[in-house]
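Commentary on secondary and tertiary structure
Listed below, chain by chain, are the residues.
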Amino acid sequence: MPSNPLEDTGEAVRSFVVPETADGIRIDLFLTQVCDGYSRSQIRLAVQNDGAEIDGRVVRPSFKVRAGQNVRFRLPVVVSDDTVPENIPLDILYEDDGMVVINKPAGMVVHPARGNWTGTLTSALAFRFQSLSDVGGPTRPGIVHRLDRDTSGVIVVAKNNAVHLHLSAQWHDRKVQKTYLALTAGRLDRDRDWINASIGRHPYQRDKQAIRENHETSKPASTFYEVIGRHGRVTQVKVSPKTGRTHQIRVHLAHIGCPILCDRLYAGHSVLTREGLARASGETLAASEEDALDGGCDEVILDRQALHAHQLTLVNPQTQKEMTFTAPLPADMGRVINLLT
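These figures come from a predicted structure and were not determined experimentally. (Residues numbered from 1 in each chain as written. Predicted model: local features only at pLDDT ≥ 70, side-chain atom pairs only at ≥ 80, totals over all residues. Heavy atoms only, no water.)

**Observations concerning the pairing of strand E13 (residues 234-241)**
Stated formally: Think of it in three bands: residues with accessible area under 20% of the maximum for their type are buried, residues over 50% are exposed, and the middle band is partly exposed, with areas taken using a 1.4 Å probe on protein chains only. Secondary structure elements are taken from DSSP: a helix is a run of H or I of four residues or more, a strand is a run of E of two residues or more, and numbering for both begins at the N terminus. Being paired, for any two strands, means DSSP has found at least two bridges between them.
Burial within E13 is extensive, with 6 of its 8 residues counted as buried. Summarising the sheet, strand E8 (residues 177-185) and E13 pair through 6 bridges and their orientation is antiparallel. Pairing of Ala185 across the sheet is with Val234, part of E13. What sits between the antiparallel neighbours strand E12 (residues 222-231) and E13 is a turn of 2 residues, in which Gly232 has the positive phi angle 60°.

Laid out in structure tokens, this is it:
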């Protein structure tokens, strides 16, 4: 990964020298003035996403520039206001007049973003349903919450704004019960425990999060885990996040020395082979965990992070009844478990 967030991104980067006339103004306002065709909100969002540097240092939107400073800025990608419908099959777990619950497959991006404009859940929803909520904006119709691209499992979609707001309030008030299943690259000694550690932006890699205390981007995060199976250096766990920070489960499990299998960002490997699994779960362990998971060129049995949103419990906004939705374990993770047992 590049250490400089503005290098090797494939996006347009502009460079400026701050003139005397701009001395002392906010970076987002300065960039709005010098970059034609973008609104201040678009500029501010790009800066928030580590898109601006002053003399080689990433800055926040409130930073005040000084005359003579060198500015580098990654121009924002302007997303179309139209979601393009695509005929993509959906595994629907539940549907009523107000919401639909879907078992999202691994590899599907929830909504369009840089580098992922097609094949998204929102495109599939736009093709399948006549009406969805627009609370989240034109590019996120119906989307109440999200899952990472390579995380499979339960996701809830709102059909109208009233249901969307009710569901969002449940997430905000932490009334939604979420259970994930994961396979970790490591041995958890405790049968169950809480992980309480604040999460914020990674200091160098803009697509990662990190454990960060007392940083301007850090927020409290709490995760409960319970071991359901141990197999050498591989552990099956059930995970229940209390908060909902970006990459929370992935960051927390990596923090305690047991990153999720095939998690490219936090485990350092992205594929698991049959030989690698045998070595990791056998009596004779390799010199290191990373070696144990590197099986060479034999059959690949898992090529995405082993994390599945298994169960979700919430109150149906229309009936006011508590409901639980369950997505069965996907075939790829099930195969790994079968080989382990």
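**Side note on the environment of Gly232**
For the record, the criterion: Contact definition: two residues touch when any of their heavy atoms are within 4.5 Å.
If you trace the backbone, Gly232 turns up in the loop between E12 and E13. As a C-alpha pair, Gly232 and Leu340 span 108 residues in sequence and 9.1 Å in three-dimensional space. Residues contacting Gly232, with those up to four places away along its chain left out, are Arg187, Ala280 and Ser281.

**Some details on the nonpolar core**
Inclusion rule: Remark: nonpolar core denotes a set of buried residues (Ala, Val, Leu, Ile, Met, Phe, Trp, Tyr, Cys) joined through side-chain atoms within 4.5 Å.
Ile102, Leu121, Leu125, Leu261, Leu272 and Val336 are the most contacted members of the largest nonpolar core, which has 43 residues in total. Val18, Ala22, Phe30 and Cys35 belong to the second-largest nonpolar core, a separate cluster that totals 18 residues.

**Description of the sheet that holds strand E3 (residues 57-58)**
What the 4 strands build is an open sheet, ordered E1-E4-E2-E3; its pairing is antiparallel. The outermost strands of the open sheet, each flanked by one partner alone, are strand E1 (13-17) and E3. The pairing of E1 with strand E4 (residues 70-74) spans 5 bridges and is antiparallel. The partner of Phe16 across the bridge, within E4, is Val71.

**Examining the pattern of salt bridges**
Rules: A side-chain nitrogen of Lys or Arg and a carboxyl oxygen of Asp or Glu constitute a salt bridge if their distance falls within 4 Å.
Applying the stated criterion across every chain yields a total of 17 salt bridges. When the shortest N-O distance is used, the salt bridge between Asp150 and Arg149 registers 3.5 Å. When the shortest N-O distance is used, the salt bridge between Glu299 and Arg335 registers 2.4 Å. Here the residue Glu299 occupies a position in the loop between helix H8 (289-292) and strand E15 (300-302), and Arg335 occupies one in helix H9 (residues 331-340), the gap between them amounting to 36 residues.

**Some details on the packing of helix H1 (residues 27-34) against helix H2 (residues 40-48)**
We apply this condition: Fitted lines through C-alpha atoms give the axes, limited to the stretch in contact for helices. The angle between two N-to-C directions lies from 0 to 180 degrees. When an angle is under 35 degrees it counts as roughly parallel; over 145 it counts as roughly antiparallel; between 65 and 115 it counts as roughly perpendicular; any other value is oblique. Helix crossings get a hand from a simple test, with the near helix turned counterclockwise from the far one by less than a right angle marking a left-handed crossing and a clockwise turn marking a right-handed one.
Close contact between H1 and H2 brings their axes to 9 Å; oriented N to C, the two are set at 125°. Our classification of the angle between H1 and H2 gives oblique. Judged by the sense of rotation from one axis to the other, the crossing of H1 with H2 is right-handed. Seen from H1, the contacting residues are Ile27, Asp28, Leu29, Leu31 and Thr32; seen from H2, they are Arg40, Ile43, Arg44 and Val47.

**A look at the pairing of E8**
With respect to burial, E8 is a largely interior element, 8 of its 9 residues being buried. Where E8 and strand E16 (residues 307-315) come together, 6 bridges link them in antiparallel fashion. Residue Thr179 lies in a different strand from E16, and its bridge partner there is Gln311.

**What to know about H2**
Applied cut-off: Directions from the helix axis toward the C-beta atoms define the arc.
Along H2, the residues classified as buried are Ile43, Ala46 and Val47. Projected down its long axis, H2 carries its buried residues within an arc of 100°, all on one side. Elements in contact with the buried residues of H2: H1, strand E2 (52-54) and E4. Trailing H2 by a residue or two, Asp50 shows a phi angle of about 65°, which is positive.

**A word on the confidence of the model for the protein**
The condition that has to hold: Values of pLDDT, the confidence the predictor places in each residue, fall between 0 and 100.
For the protein, the average pLDDT comes to 87, and 89% of its residues sit at 70 or higher. For the stretch residues 283-292, pLDDT sits under 50, and the model shows 17 contacts to residues farther than four places along the chain or on other chains.

**Structural notes on the packing of aromatic side chains**
Note the following rule: Aromatic rings from Phe, Tyr and Trp, with only the six-membered ring used for Trp, were paired whenever their centres fell within 6.5 Å, and each pair was classed as stacked if the ring planes differed by under 30 degrees, edge-to-face if by over 60, and tilted otherwise.
A full pass over the atoms with the stated rule returns 3 aromatic pairs. Summarising the aromatic geometry, the rings of Phe16 and Phe30 are spaced 6.1 Å apart at their centres and angled 85° between planes, so their arrangement reads as edge-to-face. Remark: Phe30 occurs in helix H1 and Phe16 occurs in strand E1; sequence separation between them is 14 residues. Looking at Phe16, the relative accessible area reads 13%, which means it is buried. Ring centres of Trp194 and Phe224 lie 5.2 Å apart, and the angle between their planes is 55°; this geometry places the pair in the tilted category. Pair noted here: Trp194 is in strand E9 (residues 192-196) and Phe224 is in strand E12, with a separation of 30 residues, a long-range link. On the basis of relative accessible area, Trp194 is assigned to the partly exposed category, the value being 44%.

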